[in-house]
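Analysis of the macromolecular model
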Amino acid sequence: MKSPLLLASIIFFAPLALVAETKPAATQTVIPAAQLTEGLKSGLGAIISQALGEGKLSVTPPPALAKLQTALSKTDKAETASGFSDALAATVAKLSPQMSSLLQTSVKDLSVADASSVLGGGTDAATQFLKKSAAPALREKLLPLVKQATASTGLATKAKDMLALAGPLAGFGGSKAVSDLDGYVCDQVIAQSFALMSKQEAAVRANPALLSSNPLAQKAFALFKK
């Protein structure tokens, strides 16, 4: 059994050992809380821009429509299937900058209290925090934009064209997929955006130099490099 004196020594010196295992106190960089928060916000803004750059966001068709595409692509109706693919790609291309803008706005709500805990979390802690706090409001704001985009690209019409040519295959969930198309695209844009953000945040945390154009953000993320 350890003596009371030995136990007291362990309790007293344990925090010092923890500091020694991380970084010597004399070399620790100190950033005021307000600057740390600003660094997190601007860094996240850069991560969003990098993750959702032109052509990076993509959405696959609903499973039922994907099956119709595959079936039609092997026939002389392949042009109809590719027309739907082109319309879906055009829809996502319209939504990508809009989603980026909505995410950038959400970042502004991060507080001083959030900064150190988010930066000190896992490799995609900031993305997960933003996903949890902003996703419900994001869907509400994005869905009207999705409806505008799908209307302008004729996405639902292209899907119905496939159904009209599919015959018996159209009964395997195709009609429901068309009626739910706007909601599906909205949810997929949100999910894929956060997936891209997660990957980019992990890259930035491993190499803060990716934020070299933003010294404050680079310094904030460097403090918690993974």
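In what follows, the structure referred to is the one given above.
The structure contained in this document is the topic of the report that follows.

Reading the values: the criteria
Residues numbered from 1 in each chain as written. Predicted model: local features only at pLDDT ≥ 70, side-chain atom pairs only at ≥ 80, totals over all residues. Heavy atoms only, no water. Helix = DSSP H or I, 4+ residues; strand = E, 2+ residues; numbered from the N terminus. Contact = heavy atoms within 4.5 Å. Axes fitted to C-alpha atoms, helices over the stretch in contact; angles between N-to-C directions. Parallel < 35°, antiparallel > 145°, perpendicular 65-115°, else oblique. Left-handed = near helix turned anticlockwise from the far one by under 90°. Nonpolar A, V, L, I, M, F, W, Y, C, P; charged D, E, K, R; others polar. Salt bridge = Lys/Arg side-chain N within 4 Å of Asp/Glu carboxyl O. Buried < 20%, exposed > 50% of the residue type's maximum accessible area, 1.4 Å probe, protein only. Core = buried A, V, L, I, M, F, W, Y, C linked by side-chain atoms within 4.5 Å. Expected span 1.5 Å × (residues − 1). Arc of directions from axis to C-beta.

**Some thoughts on the overall build of the chain**
Along its length, the chain carries 10 helices and 0 strands. Start at the N end of the chain and walk to the C end: the helices and strands fall as α-α-α-α-α-α-α-α-α-α. If you take every contact in the chain between residues at least 6 apart in sequence, the share linking residues at least 24 apart comes to 82%.

**Digging into the packing of helix α3 (residues 63-73) against helix α7 (residues 155-166)**
It is the contact of α3 with α7, at a shortest axis distance of 10 Å, that shows an interaxial angle of 60°. In terms of their interaxial angle, α3 and α7 are classed as oblique. Judged by the sense of rotation from one axis to the other, the crossing of α3 with α7 is left-handed. Residues L65, L68, Q69 and L72 of α3 form the contact with α7, whose own contacting residues are A159, M162, L163, L165 and A166. Looking at side-chain class alone, the contact of α3 with α7 contains 8 nonpolar, 1 polar and no charged residues.

**Focus: the pattern of salt bridges**
Summed over the entire model, instances satisfying the criterion amount to 3 salt bridges. Between E201 and R205 there is a salt bridge whose closest N-O contact spans 2.8 Å. Of this pair, E201 and R205 both sit in helix α9 (residues 181-206), 4 residues apart, which is roughly one turn of the helix. Each of the two residues, E201 as well as R205, counts as buried.

**A word on the packing of α3 against helix α4 (residues 78-107)**
Where α3 contacts α4, the axes come no closer than 7 Å and their chain directions differ by 145°. For α3 against α4, the interelement crossing comes out left-handed. Contacts between α3 and α4 involve L65, Q69, L72 and S73 on the former and, on the latter, A78, A81, F84 and S85. Looking at the contact of α3 with α4 residue by residue, the classes come out as 5 nonpolar, 3 polar and no charged.

**Concerning the nonpolar core**
Here is a general trend for soluble globular proteins: nonpolar side chains tend to be buried in one another's company. Of all hydrophobic cores here, the largest spans 57 residues; its most connected members are L40, L65, L103 and L142. Element by element, the count of residues in this core is highest for α4, at 10 residues. Once residues lying within four places of it in the same chain are set aside, the contact partners of L103 are I48, L52, L130, L138, S193, F194 and M197.

**Digging into helix α6 (residues 125-153)**
In this model α6 runs just 36 Å from its N-terminal to its C-terminal C-alpha over 29 residues, more than 12% under the 42 Å that 1.5 Å per residue would give. The complete set of buried residues in α6 reads A125, A126, T127, L130, A134, L138, L142, L143, V146, A149, T150 and T153. Along its buried surface, α6 packs onto α2 (33-51), α4, α5 (112-119), α7 and α9. A positive phi of about 70° marks G154, the residue just after α6.

**Here we look at the side chain of T127**
Within the secondary structure, T127 is located in helix α6. Of the residues examined, T127 reaches a relative accessible area of 0% and is grouped as buried.

**Some remarks on the side chain of T150**
Locating T150 in the fold gives a position in helix α6. Ignoring any residue separated from it by four or fewer positions in sequence, one finds T150 in contact with T91, L155 and D182.

**What about the environment of S101?**
With respect to the helices and strands, S101 occurs in helix α4. On the accessibility criterion, S101 (42% relative accessible area) is partly exposed. Between the alpha carbons of S101 and S49 there is a distance of 9.1 Å; along the sequence they are 52 residues apart.

**Quick look at α5**
Working note: α-helix, 3.6 residues per turn, so residues spaced by three or four point in the same direction. Those residues of α5 that fall on the buried side of the exposure criterion are D114, A115, V118 and L119. Summarising the axial view, the buried residues of α5 lie within an arc of 110°, below the 170-degree limit, and thus occupy one face.

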